[in-house]
Amino acid sequence: MQRAVDNVLAVTKESVKTFTYEALHNIVRLINGVSALLLSILPGKASILEGIHGWELRPTFRGPRLPRWMENGVSSFNQFIHEFSVDSDTSSSVDYSSDGEDCDIYPPSPLSQSSRFSRESSFTKHNRSWIWWIRCIISWVLFPVKLLFGLPLYFINSALPTSKAPARSGNHPSIAQSPRRLQTLKDNFVQRATDRRRGVVEDLHLGIEIFIESAFDVVHKAAHSVLSPVDTFRSIFQWFSSKLSVRQDIHSEDFVTSCPTTVLSDKDPTPSERKTSFNLNTDARTCQDVITELGYPYEAIRVVTDDGYVLLLERIPRRDSRKVVYLQHGILDSSMGWVSNGVVGSPAFAAFDQGYDVFLGNFRGLISREHVNKKISSRQYWKYSINEHGTQDIPAMIEKIHDIKISELKSNQSDLEEESNTDQPYKLCAICHSLGGAGILIYAITRRIEEKPHRLSRMILLSPAGFHHDSTAVFTMSEYLFFMVAPLLALFLPAFYIPTRFFRMLLNKLARDFHNLPAVGGLVQTLMSYVVGGDSSNWVGVLGLPHYNMNDMPGVSFRVALHLAQMKRSKKFVMFDYGSKAANMEVYGSPEPLNLGDYYGFIDIPVDLVAGRKDRVIKPSMVRKHYKLMKDAGVEVSFSEFEYAHLDFTFSHREELLSYVMSRLLLVGPPSKQMHKPKSLKVRRKDLQVKTGNECN
């Protein structure tokens, strides 16, 4: 009879799981199909899915590829649990990676375009968080049964006399100290950075499968209890006895079963409690993870600006090298962009392989809001414009680079003191993208105005910001709309970012679904390209990068957005307009903000400008505007164009661009003494910004 019941339950369970799987599969296919239909309607997008495996517009109505753990037959739950519970000493884990699959679905992430070495060195992860979720679900399902049998136990235990025995010293066995329990805790705490995240569809399927298994497990146990009453009563009696013995041991020893984990430090050997945290399979890798997993050295340097912002300056060090390169990212980006394409396709690794000491800068503007003032408010933290990127962030990082190189070269080379009396003993080249290009220009010009050395030997600017008046209709409409609502937005919106961990996690997981569902990813990619004026960059792939994770994320301050709009409206590369003549007079010494284009003659180093013909965010004509003004001012400047969109300069594997950048780095000569031009402005520091005084006269 029991065998017949087991067979019926097994068939029913597999039928329910198959039905739910097919229902979810069909819903996913429907969503993907509607997305493909919309893509076919959008102008010029009908062929976007041609040649993509997993979804075709032809009559072969095949659904998108689901994760591999869903493709092992009718049910993979037992195998799933086996991978988590068996052989824990070897720290095995279920492989949720998509290595070898991302290459044929749309759109590929930048990390999937890395070299074969980068792909083969993908990270392994010890993930045990789902065990906790399984236990919660099973406990919730079994709660009525536990309550039914627990009430008699409660009354029996209440009727028995309790007495406290003296606490015993020494080690004693307990549930919390069992080796199996400690191993489980160890497995939960061991977490490595990895791209093993699951999408929303995968999480939904896994949750449904776990729920079905838990429900049928309860039914199976209930059926056995009814069919085998003797065994049932024996099990209940043993359970009561074990519960009573455990309770008596706890009362007699006054022992708490919680087992906090501890971490020992070399400086402070006192154990300190570590808080447990359960990840939700989101991608939270850092630039350090990418660099070190590929076998490169890494160093993190904390930099504090004059106005108290704490920045992260990252480094791939060559301590004895006299060739230094500083890479600065653009808006809504981080240092991750310079290493996201693996060993072969990333500018940072290419420069290091050519013998450069590589520094990766990070602007202020993270959701974590790192500041020396731990109690700084959100409004106060985000109160900065592009001015501060060029007059605070970049100077602080470059001066830190200078101090580091002087110290290291002094310790390694005895002739440094003689050289330091004339020129700096190293060559520093800056490679900057988009907003980073505008920031480095502000830095170079304002340092010359202040008659301070800028330490640079060459600037390579990839689609630099600054001029924006020649733009698409989308940006023009956005400009007018932004100025209309800016007074209202300024009252309650200090910055543009995702404020909660849940929605950041959702974005991180949706980015994975966009890769698994090619038509949905293609539709989102198309819509995002429309939002940014038709730029064909891989926007969806960039959203999948690890710096867009649930823990932290770059944001855009309201003033930075307003500053860009001011540049577009004025048709000039100007510093931030504070909104009134009195405020501008207080900061700049003139009723109007400084027009940086008028001071391009102060640039005394070679500049290489690079534009993208497919770039719709900063058009080539705007990069040529920089070139024309620099050329007229007598700057040694070059201009080049490539068939790139805006993000292709950092997030795409472009051998042509890397070859060009490396060739420009080879042109860096010994840094000459900076000949200060006649002073046309009286400069002093005011609120940590550049202020000029002769304009007042």
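Conventions used here
Residues numbered from 1 in each chain as written. Predicted model: local features only at pLDDT ≥ 70, side-chain atom pairs only at ≥ 80, totals over all residues. Heavy atoms only, no water. UniProt positions renumbered as here; feature names shortened; annotations may be inferred. Helix = DSSP H or I, 4+ residues; strand = E, 2+ residues; numbered from the N terminus. Phe/Tyr/Trp six-rings, centres within 6.5 Å; stacked < 30°, edge-to-face > 60°. Buried < 20%, exposed > 50% of the residue type's maximum accessible area, 1.4 Å probe, protein only. Salt bridge = Lys/Arg side-chain N within 4 Å of Asp/Glu carboxyl O. Pairing = 2+ DSSP bridges. Axes fitted to C-alpha atoms, helices over the stretch in contact; angles between N-to-C directions. Right-handed = clockwise from strand over helix to strand, strands pointing away. 1 Å grid on protein atoms, 1.4 Å probe; cavity = no way out; pocket = protein on both sides within 12 Å on 5 of 7 lines; lining within 4 Å. Points joined across faces, edges and corners; volume = space filled by probe spheres on them. Nonpolar A, V, L, I, M, F, W, Y, C, P; charged D, E, K, R; others polar.

Any chance you could break down the UniProt feature "transmembrane region" (unreviewed entry) in the protein for me, citing the residues and the numbers?
UniProt records the feature "transmembrane region" (unreviewed entry) at residues 132–156 and 480–499, using the numbering of this structure. Span residues 480–499 is 65% helix and 10% strand, its end C-alpha atoms 26 Å apart.

Summarise the packing of aromatic side chains; cite the residues concerned and give the values.
A complete count under the given rule lists 19 aromatic pairs for this structure. Between the aromatic rings of Tyr578 and Tyr588, the centroid separation amounts to 6.0 Å while the plane-to-plane angle is 45°, which identifies the pairing as tilted. Of the two residues, Tyr578 sits in the loop between α19 (558–570) and α20 (581–588) while Tyr588 sits in helix α20, which places them ten residues apart along the sequence. For Tyr578, a relative accessible area of 22% translates into the label partly exposed. When its relative accessible area of 1% is taken as the criterion, Tyr588 is described as buried. One aromatic cluster is present, built from ring pairs that chain together Tyr309, Tyr381, Trp382, Tyr384 and Tyr497.

A description of the pattern of salt bridges should follow, citing residues and the corresponding values.
Across all of its chains, the model carries 26 salt bridges by this definition. Glu213 is the partner of Lys13 in a salt bridge, and the nearest nitrogen-oxygen pair spans 3.5 Å. Within this pair, whereas Lys13 is found in helix α1 (residues 2–41), its partner Glu213 is found in helix α6 (residues 200–227), the two being separated by 200 residues in sequence. Notably, a salt bridge pairs Arg364 with Asp393, separated by 2.8 Å at the nearest N-O pair. Highlighted residues: Arg364 in the loop between β6 (357–361) and α11 (378–381) and Asp393 in helix α12 (residues 386–412), separated in sequence by 29 residues. What makes Arg364 buried here is its relative accessible area of 4%. Via salt bridges that share partners, Glu299, Arg315, Arg319, Asp357, Lys405 and Glu408 belong to a single interconnected network.

With reference to specific residues and values, describe the sheet that holds β6.
Pairing within the open sheet is mixed, and its eight strands lie in the order β3-β4-β6-β5-β7-β8-β11-β12. Of all strands in the sheet, those with a lone pairing partner are β3 (299–304) and β12 (637–642), marking the two edges. Between one strand axis and the next, the sheet turns through 20° on average, direction left out of account. Two elements, strand β5 (residues 323–328) and strand β7 (residues 427–433), share six bridges in a ladder whose sense is parallel. Residue pairing in the sheet places Gln328 in a bridge with Cys432 of β7.

Could you give me a rundown of the pairing of β7, with the residues and numbers involved?
The buried fraction of β7 is high, at six of seven residues. Judged from the five bridges that link them, β7 and strand β8 (residues 458–462) form a sheet pairing that is parallel. The residue bridging His433 from the neighbouring strand is Leu462, located in β8. Regarding the hand of the β-α-β motif, the stretch spanning β7, helix α14 (residues 435–449) and β8 is right-handed.

Go over the layout of surface pockets, please, and point to the residues and values.
Gaps left between atoms are located by rolling a probe of water-molecule size over the structure's atoms. Here the largest pocket defines a volume of roughly 1400 Å³. Along its surface, the largest pocket is lined by 40 residues, and Ile331, Leu332, Phe475, Val532 and Leu564 are the ones closest to its centre. When residues of the lining of the largest pocket are traced back to their parent elements, those giving at least two are α15 (473–492), α17 (518–531), α18 (539–543), α19 and α22 (648–651). The residue makeup of the lining of the largest pocket, split by class, is 27 nonpolar, ten polar and three charged.

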